[in-house]
Amino acid sequence: MKQFLSQRDVYQPINFVHKALEYKRGGFSAAPQLGLGKTLGLLFFNPSLRTRMSTQLAAAKLGLQTVVMNVGSEGWALEFGDDVVMNGQSVEHVKDAAAVMGRYCDILGIRCFPSLSNRDADYSEQVMEQFRKYAGVPIVSLESATLHPLQSLADIITMEEYKTKAHPKVVLAWAPHIKALPQAVPNSFAQWANVFTNQFTIACPPGYELAKAFEPVLGYEYNLDKAIADADFIYVKNWSSFSDYGKNPPVEGDWLLNEHRLLSNPGARIMHCLPVRRGLELSHDLLNGPRSLVLEQATNRITAAYAVLKEILEALK
Ligand code: CP
């Protein structure tokens, strides 16, 4: 693997999920020396708990040294525009910063959220693309403007562990929120879920459909109760509108999932990538109850990061 920016960078994604599970079952002892003498740089333009900790833990299991930089709050303000006269607020051009970091590190992980104001700019993945262009080392997405592949890989690994049939019904269920959130997690989850099962649908209010490239194999369902009635996995997540970009158009009906709504489906498992706003996005009873897989997903962030870093290190040999 030369980079990990999307599911498309993975050759045979489901085989890769099986490989990741083998590493986990083996206690991550597959390649303790592989990263020795090499450095992983983790650059955060935005906050993180799980991605930051799990990627460092996975790197340590491979012998990789990690350098973490909160670029967004502690680094020089970066310029991304081409051929601009830098007489404004930005201090350093990404061409120079990325090239320097590429000299310091063998792999760079980058987290950069979207503006949610300029759809074309966000969906062109300007930040990630410029690091990819100028760093000269493999880039790993720690969540970009439009995708969060490490999260989705962890999600699919978790579903693979808990599934009871070859093609479980998977529902990505839109949930309420007080803020406009990116589409990165749902986009990415849709990419992976579409190869994991032929029973994948998205339940959301009209106006919250994802970009065409992320359409679910079973299409959209606009009635939450109908969608979840026979679901095996329900992945709860808020996202803002793609068509009315970055906005939260008004929603009719109750989209908060709780135990009561799932009484007739005792086998359904509940997923969320976290952080979650309890009582707003998802009910306390579901999060606290036996259906919840949220801690398993968070744990598998280490599994996912280990599998990705191992594959990239092998390609660097
Ligand atoms: N799910 C996830 O990426 O968590 P963090 O934002 O805390 O890294």
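Structure first, text after, so check above.
A brief report on the enclosed structure follows.

Cut-offs and rules
- Residues numbered from 1 in each chain as written.
- Predicted model: local features only at pLDDT ≥ 70, side-chain atom pairs only at ≥ 80, totals over all residues.
- Heavy atoms only, no water.
- Disulfide = S-S within 2.5 Å.
- Buried < 20%, exposed > 50% of the residue type's maximum accessible area, 1.4 Å probe, protein only.
- Near = heavy atom within 4 Å.
- Polar contact = N/O pair within 3.5 Å; in protein donor to acceptor, adjacent residues only side chain to side chain.
- 1 Å grid on protein atoms, 1.4 Å probe; cavity = no way out; pocket = protein on both sides within 12 Å on 5 of 7 lines; lining within 4 Å.
- Sits in = over half its atoms within 2 Å of the grid points.
- Nonpolar A, V, L, I, M, F, W, Y, C, P; charged D, E, K, R; others polar.
- Patch = residues over 30% accessible without salt bridge, like charges linked within 9 Å, V, L, I, M, F, W, Y side chains within 5 Å.
- Areas by Shrake-Rupley, 256 points an atom, 1.4 Å probe, with all protein chains shown as cover.
- Salt bridge = Lys/Arg side-chain N within 4 Å of Asp/Glu carboxyl O.
- Helix = DSSP H or I, 4+ residues; strand = E, 2+ residues; numbered from the N terminus.
- Pairing = 2+ DSSP bridges.
- Axes fitted to C-alpha atoms, helices over the stretch in contact; angles between N-to-C directions.
- Phe/Tyr/Trp six-rings, centres within 6.5 Å; stacked < 30°, edge-to-face > 60°.
- Lys NZ or Arg CZ within 6 Å of the ring centre and 35° of its normal.
- Points joined across faces, edges and corners; volume = space filled by probe spheres on them.
- Contact = heavy atoms within 4.5 Å.

### Describing the state of the cysteines
Moving on, step 1. In the structure shown here, the tally under the stated rule is zero disulfides.
Moving on, step 2. Cysteine Cys 204 shares no disulfide, and the gap to the nearest cysteine sulfur, in Cys 273, comes to 17 Å.
Moving on, step 3. Given a relative accessible area of 0%, Cys 204 falls into the buried group.
Moving on, step 4. In this structure Cys 273 comes out as buried when scored by relative accessible area, which is 7%.

### Thoughts on the site of the ligand
Moving on, step 1. Residues in close proximity to the ligand include Ser 48, Leu 49, Arg 50, Thr 51, Arg 111, His 148, Gln 151, Cys 273, Leu 274 and Arg 301, which together make up its full environment.
Moving on, step 2. One of the side-chain nitrogen or oxygen atoms of Thr 51 is found 2.7 Å away from an oxygen atom of the ligand.
Moving on, step 3. Among the detected pockets, the ligand sits in the largest pocket.
Moving on, step 4. Considering only residue class, the shell around the ligand consists of three nonpolar, four polar and three charged.

### A short note on a nonpolar patch on the surface
Moving on, step 1. On the surface, Leu 49, Met 53 and Leu 57 cluster together to form a nonpolar patch covering roughly 290 Å² of accessible area.
Moving on, step 2. Relative to the elements of secondary structure, Leu 57 occurs in helix α2 (residues 50-61).

### Remarks on the sheet that holds strand β6 (residues 139-141)
Moving on, step 1. The four strands lie next to each other as β2-β1-β5-β6, forming an open sheet whose pairing is parallel. If you trace the sheet from one side to the other, it starts and ends with β2 (65-69) and β6, each paired once. In this sheet, adjacent strand axes meet at a mean angle of 20° when their direction is disregarded.
Moving on, step 2. Examined bridge by bridge, strand β5 (residues 107-111) and β6 share three bridges and lie parallel to one another. Counted as the bridge partner of Ile 110 is Ser 141 from β6.

### A short note on the packing of aromatic side chains
Moving on, step 1. A complete count under the given rule lists twelve aromatic pairs for this structure.
Moving on, step 2. For the pair Phe 45 and Phe 80, a centre-to-centre distance of 6.4 Å together with 55° between the ring planes defines the contact as tilted. With Phe 45 in the loop between β1 (39-44) and α2 and Phe 80 in the loop between β3 (78-79) and β4 (92-93), this pair connects stretches of sequence that are 35 residues apart.
Moving on, step 3. Given the relative accessible area of 22%, Phe 45 is considered partly exposed.
Moving on, step 4. Judged by centre distance (6.1 Å) and plane angle (70°), the ring pair of Phe 45 and Phe 131 falls under edge-to-face. Placement of Phe 45 in the loop between β1 and α2 and of Phe 131 in helix α6 (residues 126-135) is noted, with a sequence separation of 86 residues between them.
Moving on, step 5. Residue classification places Phe 131 among the buried residues on the basis of a relative accessible area of 0%.
Moving on, step 6. Aromatic rings pair up to connect Tyr 23, Phe 28 and Tyr 306 into one cluster.
Moving on, step 7. Above the face of the Phe 242 ring, Arg 119 is positioned so that its terminal group lies 4.0 Å from the ring centre.

### A short note on the layout of surface pockets
Moving on, step 1. Taken as a whole, the largest pocket encloses approximately 620 Å³ of empty space.
Moving on, step 2. Together, 25 residues line the largest pocket, and Phe 113, Glu 143, Leu 181, Lys 237 and Pro 275 are the ones closest to its centre.
Moving on, step 3. Of all elements in the fold, only α2 and α8 (184-196) reach the threshold of two or more residues within the lining of the largest pocket.
Moving on, step 4. Residue composition of the lining of the largest pocket, grouped by class: twelve nonpolar, five polar and eight charged.
Moving on, step 5. For the second largest pocket, the calculated volume is near 310 Å³.
Moving on, step 6. Along the wall of the second largest pocket there are 14 residues; nearest its centre are Phe 80, Cys 112, Phe 113, Gln 126 and Val 127.
Moving on, step 7. Class assignment for the residues of the lining of the second largest pocket results in nine nonpolar, three polar and two charged.

### Describing the environment of Ala 58
Moving on, step 1. Position of Ala 58 relative to the elements: it lies in helix α2.
Moving on, step 2. A relative accessible area of 0% means that Ala 58 is categorised as buried.
Moving on, step 3. Excluding residues that lie within four positions of it along the chain, Ala 58 makes contacts with Ile 302, Ala 305, Tyr 306 and Leu 309.

### Side note on the sheet that holds strand β8 (residues 200-203)
Moving on, step 1. Sheet architecture is open: five strands sit in the order β9-β8-β7-β10-β11, paired in parallel fashion. Of all strands in the sheet, those bounded by a partner on one side alone are β9 (220-221) and β11 (269-271).
Moving on, step 2. Pairing analysis gives five bridges linking strand β7 (residues 170-174) to strand β10 (residues 233-237), with the strands arranged parallel. Counterpart to Ala 173 in the pairing with β10 is Val 236.

### Quick word on unusual backbone geometry
Moving on, step 1. Look at the link from Leu 274 to Pro 275: it is a cis peptide, with omega at 5°.
Moving on, step 2. Mapped onto the elements of the fold, Pro 275 is located in the loop between β11 and α10 (284-288).
Moving on, step 3. Unlike most non-glycine residues, Leu 116 shows phi in positive territory, near 60°.
Moving on, step 4. Looking at the secondary structure, you find Leu 116 in the loop between β5 and α5 (119-123).
Moving on, step 5. Phi at Glu 125 takes a positive value of approximately 50°, unusual for a residue other than glycine.

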